[in-house]
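# Residue-level structure breakdown
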Amino acid sequence: MAQLPVDAILHFSNNHAKPSHLHFQYGTAGFRTLASSLDSVLYRVGLLAGLRSKRLDGKTIGVMVTASHNPEQDNGVKLVDPRGEMLEASWEQHATLVANASSAEELIHALNEVVRVAKIDLSKPSRVVYARDTRPSGPALIRALEDGFRALGVEARNAGVTSTPILHYLVKAINTKGTEESYGEDSEEGYYRKLSTAFRALVAGKRKLEPLLVDCANGVGAQAAEKLREQIGDKLPLILENTDTDARGALNYNCGADFVKTQQKLPPSIAPLLEKGQRACSLDGDADRLMYYYVDERGHFRMLDGDKIAALVAAFIVELVKLAGLDNTIKVGVVQTAYANGASTKYLAERLPVKCVPTGVKHLHHAAEHYNIGVYFEANGHGTVLFSPSTQQTLKTHEPSTPAQSTALTHLINLTELINQTVGDALSDMLLVEVVLAHKSYSGAEWDSLYEDLPNRLVKVVVADRNAFKTEDAERRLVSPPRLQARIDELVRKYEGGRSFVRPSGTEDVVRVYAEAAVKSQADELAFRVAGLVYDEAGGWYDSVYD
Ligand code: G16
């Protein structure tokens, strides 16, 4: 039986000691914290990625170094499984165990434990593809990761600086190369070609789209959007803003999808550029989230968030399925989280099956796999559409009986190519939205009028220990601290259309409070009063970022 290369692992471990006072947890989107604390984690993730690949018989595993929407001083790392989806849940515990081993010897012990529990044959090959976003801390963390690969003898491919969804795409493309399920060329160029070819086919015959202003959050999305513009700019003119990836402190600062969603206003850099009625959108720091918005006739900011994207896209797909004569065969469903605006859930549930799951793409993705076509979007703009393998087969083999059916079928097949089905992808989603707007001849205002959002408010509270907060019912209710949920319920009852929930963040060291009510001032008041209950219970302070 092959053994772990203990000497090599110990040798490299000397340069990547774990800080003794820190505890790491593989959370909503992998490990994420201050970049300066992450060196040992990256080294160990390098080792773990190699083991995961060996466990899967040498299939290529993805490693993405990013902290996405978090501030620039943070960084993070997550593993991507062979089909391009998030790491299997049972391995999150392995990751947490390995990251917290207190010494080099403990690390060997933890790795052996993973090998034993996961029944890993160490003689198998291991392959990894890895990338990072534009954070200044990225290069040093990549070096630590590469030491992990070296120690274990991993065959590693560096995808350089790229977006999270492109890394997910590459993982799937590499693992399906030369098979019947080939996902596309295993290169960044292949990704752009795939998206732009499908986009061109879907908007063929439509008039040229109005220019779209894109806020790139001063992140890696800027370079990806630039490459996409080269391919589709003649069909969809893209005006790229916040593209400065070198300016220190600029990433996600006063811009980007998270800013727009949480502040519910235009990024200051976009405000002077946007004309009334003009569409604009914001990506986040690693280009996996997308928020649309426009300024209405009265000069008011109007947000078209993940819920509005889900409503737009789901309705379009349902219509195409019907037009293709497949509505008895293909069922479309939607997956949301507790953050979904109540009005969106009502709108969607009147038309389609809707399921609510805990926050985190991994939860939404798995739930969406249960539908023939599963549309999932978090309100924060993170989402995609999944076509089940049998649905893709049906689309390929179905014999349309009229020209109209044939056209709808072709559109559906092109959508399977346009949409990055591995994970939420801001650029792929942006093209998807533009396709639907072009087909429906919708302006931003017409899209917006599908339903009226209930006023809402998101607040974060810094507490002594966010792990003291435990939830149930897809994070809509607290089970711990005891009695807090009853106090929240009592408060919510006092507000017309009131709804509120509290959950610990998996990406930031905070507790999040969400509230909705019939009137904006009431939603704000409810959010702050619930935050007050959290504060009284757990100590801490509110973050004024969301003021
Ligand atoms: C990540 C996850 C998302 C989640 C978000 C916030 O997004 O991928 O699914 O909604 O974090 O999670 P939490 O409220 O637990 O902090 P991103 O864009 O930061 O990778």
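Residues numbered from 1 in each chain as written. Predicted model: local features only at pLDDT ≥ 70, side-chain atom pairs only at ≥ 80, totals over all residues. Heavy atoms only, no water.

## Observations regarding the overall build of the chain
- Secondary structure assignment for the chain yields 18 helices and 20 strands.
- Its C-alpha atoms give the chain a radius of gyration of 23 Å, near enough to 24 Å, the size a compact globule of 547 residues would have.
- With respect to the three principal axes, the spread of C-alpha positions in the chain is 65 × 60 × 45 Å.
- In the chain, which comprises 547 residues, the share counted as buried stands at 60%.
- Considering only contacts in the chain between residues 6 or more positions apart, those separated by 24 or more positions represent 71%.
- Summed over all atoms, the accessible surface of the chain reaches about 21400 Å², with 49% contributed by carbon and sulfur.
- Counting 61 positive and 70 negative side-chain charges, the chain places the averaged centre of each group 2 Å from the other. (Helix = DSSP H or I, 4+ residues; strand = E, 2+ residues; numbered from the N terminus. Rg over C-alpha atoms; globule rule 2.2 N^0.38 Å. Buried < 20%, exposed > 50% of the residue type's maximum accessible area, 1.4 Å probe, protein only. Contact = heavy atoms within 4.5 Å. Areas by Shrake-Rupley, 256 points an atom, 1.4 Å probe, with all protein chains shown as cover. Lys, Arg positive; Asp, Glu negative; His and termini not counted. Charge placed at Lys NZ, Arg CZ, Asp CG, Glu CD.)

## Looking at the confidence of the model for the chain
- Put simply, the chain has an average pLDDT of 96, and 98% of its residues get 70 or more.
- The complex model carries a pTM of 0.96, and its ipTM stands at 0.96. (pLDDT = per-residue confidence, 0-100.)

## A word on unusual backbone geometry
- Cis geometry is adopted by the peptide bond preceding proline 481, which originates at serine 480 and carries an omega value of 0°.
- With phi around 60°, alanine 217 is a residue other than glycine that occupies positive phi space.
- Note on placement: alanine 217 falls in the loop between strand E6 (212-215) and helix H8 (221-232).
- Owing to a relative accessible area of 0%, alanine 217 belongs among the buried residues under this scheme.
- In this structure, alanine 287 takes a positive phi of about 65° despite not being glycine.
- Assignment of secondary structure puts alanine 287 in the loop between strand E8 (280-283) and strand E9 (290-295).
- The exposure class of alanine 287 is buried, given its relative accessible area of 0%.

## Focus on the packing of helix H17 (residues 484-492) against helix H18 (residues 520-538)
- Interaxial distance between H17 and H18 falls to 10 Å at its minimum, and their mutual angle equals 160°. Taken as axis vectors, H17 and H18 run roughly antiparallel relative to one another. In this structure, H17 crosses over H18, and the sense of that crossing is right-handed. In contact with Leu484, Arg487, Ile488, Leu491 and Val492 of H17, H18 contributes Leu526, Arg529, Val530, Leu533, Val534 and Glu537. (Axes fitted to C-alpha atoms, helices over the stretch in contact; angles between N-to-C directions. Parallel < 35°, antiparallel > 145°, perpendicular 65-115°, else oblique. Left-handed = near helix turned anticlockwise from the far one by under 90°.)

## With respect to helix H1 (residues 6-13)
- Turning to H1, its buried residues number three or more, namely Ile9, Phe12 and Ser13. What you see down the axis of H1 is that its buried residues fit within an arc of 105°, all on one side. Of the residues in H1, the exposed ones pointing more than 90 degrees away from the buried face are Asp7 and His11.
- Contacts made by the buried residues of H1 are with helix H2 (39-55), helix H4 (104-117) and helix H5 (138-152). (Arc of directions from axis to C-beta.)

## Overview of the site of the ligand
- With respect to spatial proximity, 18 residues lie near the ligand, and among them His69, Glu378, Ser505, Gly506 and Thr507 are the closest.
- Between glycine 506 and the ligand, the recorded distance is 2.6 Å, taken from a backbone N or O atom to an oxygen atom.
- Protein contacts shield 98% of the accessible area of the ligand, which totals 470 Å² for the unbound molecule.
- Of the residues contributing to the shell around the ligand, the split by class is 1 nonpolar, 10 polar and 7 charged. (Near = heavy atom within 4 Å. Polar contact = N/O pair within 3.5 Å; in protein donor to acceptor, adjacent residues only side chain to side chain. Nonpolar A, V, L, I, M, F, W, Y, C, P; charged D, E, K, R; others polar.)

## What about the pairing of strand E17 (residues 477-480)?
- In the sheet, strand E16 (residues 470-472) pairs with E17 via 3 bridges, with the strands oriented antiparallel. Paired with threonine 471 across the two strands is leucine 478, which belongs to E17. (Pairing = 2+ DSSP bridges.)

## Focus on the packing of aromatic side chains
- The full count for this structure, using the stated rule, is 11 aromatic pairs.
- Relative to tyrosine 514, the ring of tyrosine 339 has its centre 5.9 Å away and its plane inclined at 85°; by these criteria the two rings are edge-to-face. You can see tyrosine 339 sitting in the loop between strand E11 (332-336) and helix H11 (342-349) and its partner tyrosine 514 sitting in strand E19 (residues 511-516), a full 175 residues away along the chain. As far as the burial class goes, tyrosine 339 and tyrosine 514 line up, both buried. (Phe/Tyr/Trp six-rings, centres within 6.5 Å; stacked < 30°, edge-to-face > 60°.)

## Concerning the sheet that holds strand E2 (residues 60-65)
- Taken in spatial order, the 5 strands line up as E1-E3-E2-E4-E5 in an open sheet, and their pairing is mixed. Edge positions in the sheet fall to strand E1 (31-34) and strand E5 (155-161), since each has one partner strand and no second. Direction aside, neighbouring strands of the sheet carry axes that sit 15° apart on average.
- Pairing analysis gives 4 bridges linking E2 to strand E3 (residues 74-80), with the strands arranged antiparallel. The partner of valine 65 across the bridge, within E3, is valine 77.
- Packing against the sheet, H5 makes contact with E2, E3, strand E4 (127-132) and E5, and its axis sits at approximately 170° to E4.

## Observations regarding the sheet that holds strand E10 (residues 301-304)
- An order of E7-E6-E8-E9-E10 is seen for the 5 strands of this open sheet, with the pairing classed as mixed. The open sheet has two edge strands, strand E7 (238-241) and E10, and neither has a second partner. Sheet twist, expressed as the average angle between the axes of neighbouring strands with direction ignored, equals 25°.
- Relative to E8, E6 runs parallel, the two sharing 3 bridges. In the strand pairing of E8, valine 214 is matched with cysteine 281.
- Seen against the sheet, H8 touches E7 and E8 and runs at an angle of roughly 165° to E7.

## Some remarks on the pairing of E6
- The two faces of E6 match: Leu212 and Val214 on one face and Leu213 and Asp215 on the other face are all buried.
- Bridging between E6 and E7 involves 4 bridges; their strand directions are parallel. Bridged to valine 214 within E7 is leucine 240.
- Taking the sense of rotation as the criterion, the β-α-β connection linking E6, H8 and E7 turns out right-handed. (Right-handed = clockwise from strand over helix to strand, strands pointing away.)

## Here's the deal with the state of the cysteines
- Counted under the stated rule, the structure contains 0 disulfides.
- With no disulfide of its own, cysteine 216 has cysteine 281 as its nearest cysteine by sulfur position, at a separation of 8.1 Å.
- Residue classification places cysteine 216 among the buried positions, given a relative accessible area of 0%.
- Note on cysteine 255: no disulfide assigned, nearest cysteine sulfur contributed by cysteine 216 at a separation of 9.3 Å.
- We classify cysteine 255 as buried; its relative accessible area is 2%. (Disulfide = S-S within 2.5 Å.)

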